[in-house]
Amino acid sequence: MVNLIGTYECKADVKGRVMVPAALKKQLASVASSGFIIKRAVFQPCLELYPMEEWNALMAKMNSLNRFNRKNVDFIRRFTAGVKHVELDATGRLNIPKDLANFAGITKEITISSAINIVEIWDKAKYEQAIDDAANDFADLAEEVMGDANASDGLS
């Protein structure tokens, strides 16, 4: 599992190619040769870039879902809708497929943000808006998600 850090501002060219920042490219070096999966995010108007190893682990989990359950089948279909395999080109650029760029509203100004083991790709203005919108609720969210009173790991 790769643990990624950092948020980067980039520009897409007219063909939808983005130069992956050197610091992020260095973090992805060990997994780049296998390629990546890019897909629509479930909860936000952005894209998610999965290293192939992470995607395969997620697909193994999803493959255990009972396909005779209609909700499971609907979930799998929606979750994998528009999924594409992508690779970094020889110069370290990522080509964002046009249909996915349209979904996320990505034109030129982009924010690439690490999300532990995947990368989120945002239109810069939408990313800033999402961060601003979440700022007021973040303390409550942090307490709800991470504030287990019985936790012994001491995270703070």
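Each value, and the rule that gives it
One numbering rule holds for all chains: residues counted from 1, following each sequence as written. Only residues with pLDDT of 70 or above have their local features reported here, since the model is predicted, and side-chain atom pairs are shown and tallied only from 80 upward, although totals for entire chains, interfaces and linings are computed over all residues. The side-chain values count all of the structure's non-hydrogen atoms but skip hydrogen atoms and water molecules. Under this scheme, a helix contributes an axis fitted over its contacting stretch, all axes are lines through C-alpha atoms, and angles between N-to-C directions fall in the 0 to 180 degree range. Starting at the N terminus, helices and strands are each numbered in turn, a helix being any DSSP run of H or I of at least four residues and a strand any DSSP run of E of at least two. Here the angle decides the label: under 35 degrees means roughly parallel, over 145 means roughly antiparallel, 65 to 115 means roughly perpendicular, and every other value means oblique. By definition, turning the near helix anticlockwise from the far helix through less than a right angle yields a left-handed crossing, and turning it clockwise yields a right-handed one. Contacts are assigned to residue pairs with any non-hydrogen atoms lying within 4.5 Å of each other. By the convention adopted, Pro, Cys, Tyr, Trp, Phe, Met, Ile, Leu, Val and Ala count as nonpolar, Lys, Arg, Asp and Glu as charged, and the other residues, Gly among them, as polar. UniProt positions are given in the numbering used here, feature names are shortened, and annotations may be inferred rather than shown by experiment. Multiplying 1.5 Å by the residue count of a helix minus one yields the expected span of that helix. For every residue, the accessible area obtained with a 1.4 Å probe (protein chains only) is divided by the maximum for its type, and the residue is called buried under 20%, exposed over 50%, and partly exposed between those limits. The directions from the helix axis to the C-beta atoms are what the arc is built from. Basic side-chain nitrogens of Lys or Arg form a salt bridge, by our definition, when they fall within 4 Å of a carboxyl oxygen of Asp or Glu. In this analysis, strands are considered paired if DSSP registers two or more bridges between them. Definitions used throughout: a 1 Å grid over protein atoms alone; a cavity as a set of points that fits a 1.4 Å probe which cannot get out; a pocket as an open set with protein on both sides within 12 Å along at least five of seven lines; a lining residue as one with an atom within 4 Å of a point. Grid points are joined across faces, edges and corners, and a volume is the space filled by probe spheres set on the points.

### Some remarks on the packing of helix 2 (residues 52–63) against helix 3 (residues 70–80)
At a closest axis distance of 12 Å, the pairing of helix 2 and helix 3 adopts a crossing angle of 160°. Classified by the angle their axes make, helix 2 and helix 3 are roughly antiparallel. Handedness of the crossing formed by helix 2 with helix 3: left-handed. When helix 2 is examined against helix 3, the residues Trp55, Leu58, Met59 and Met62 are found in contact with a partner set consisting of Phe75, Ile76, Phe79 and Thr80. Looking at the contact of helix 2 with helix 3 residue by residue, the classes come out as seven nonpolar, one polar and no charged.

### Quick notes on the UniProt feature "domain: SpoVT-AbrB" (unreviewed entry) in the chain
Within the UniProt annotation, "domain: SpoVT-AbrB" (unreviewed entry) is assigned to residues 7–54 and 83–126. Helix and strand shares over residues 7–54 are 21% and 38% respectively, and the end C-alpha atoms of the span are 20 Å apart.

### Some points on helix 2
Between its first and last C-alpha atoms helix 2 spans 16 Å; for twelve residues at 1.5 Å apiece the expected length is 16 Å, and the two agree. Residues of helix 2 that are buried: Met52, Glu54, Trp55 and Met62. End-on, the buried residues of helix 2 take up no more than an arc of 155°, which puts them together on one face. Along helix 2, the residues that are exposed and aim more than 90 degrees away from the buried face are Ala60 and Lys61. Those residues of helix 2 that are buried are in contact with strand 3 (36–40), strand 4 (47–51), helix 3 and strand 5 (84–86).

### Quick word on the pattern of salt bridges
Should the charged atoms of two oppositely charged side chains come close, the side chains can pair. Counting across every chain of the model gives seven salt bridges. Two residues, Glu48 and Lys39, come together in a salt bridge whose shortest N-O distance is 3.7 Å. Ionic pairing is found between Arg77 and Asp74, a salt bridge with its closest N-O pair at 3.0 Å. Of this pair, Arg77 and Asp74 both sit in helix 3, three residues apart, which is roughly one turn of the helix.

### A word on the sheet that holds strand 8 (residues 118–123)
Taking strand neighbours across the sheet as the criterion, the six strands line up as 1-7-8-4-3-5 in an open arrangement whose pairing is antiparallel. Two strands lie at the open edges of the sheet, namely strand 1 (7–11) and strand 5, each paired on one side alone. Adjacent strand axes in the sheet meet at a mean angle of 30° when their direction is disregarded. Where strand 3 lies against strand 5, three bridges are found, and the strand directions are antiparallel.

### Let's talk about empty space enclosed by the protein
If you walk through the whole model with that rule in mind, you get one cavity of 30 Å³ or more. Quantified by volume, the largest cavity comes out at close to 50 Å³. What lines the largest cavity is Val20, Leu24, Leu28, Leu49, Leu88, Leu94, Ile112, Val119 and Ile121. For the lining of the largest cavity, the secondary-structure elements that each account for two or more residues are helix 1 (22–28) and strand 8. When grouped by side-chain class, the residues that make up the lining of the largest cavity number nine nonpolar, no polar and no charged.

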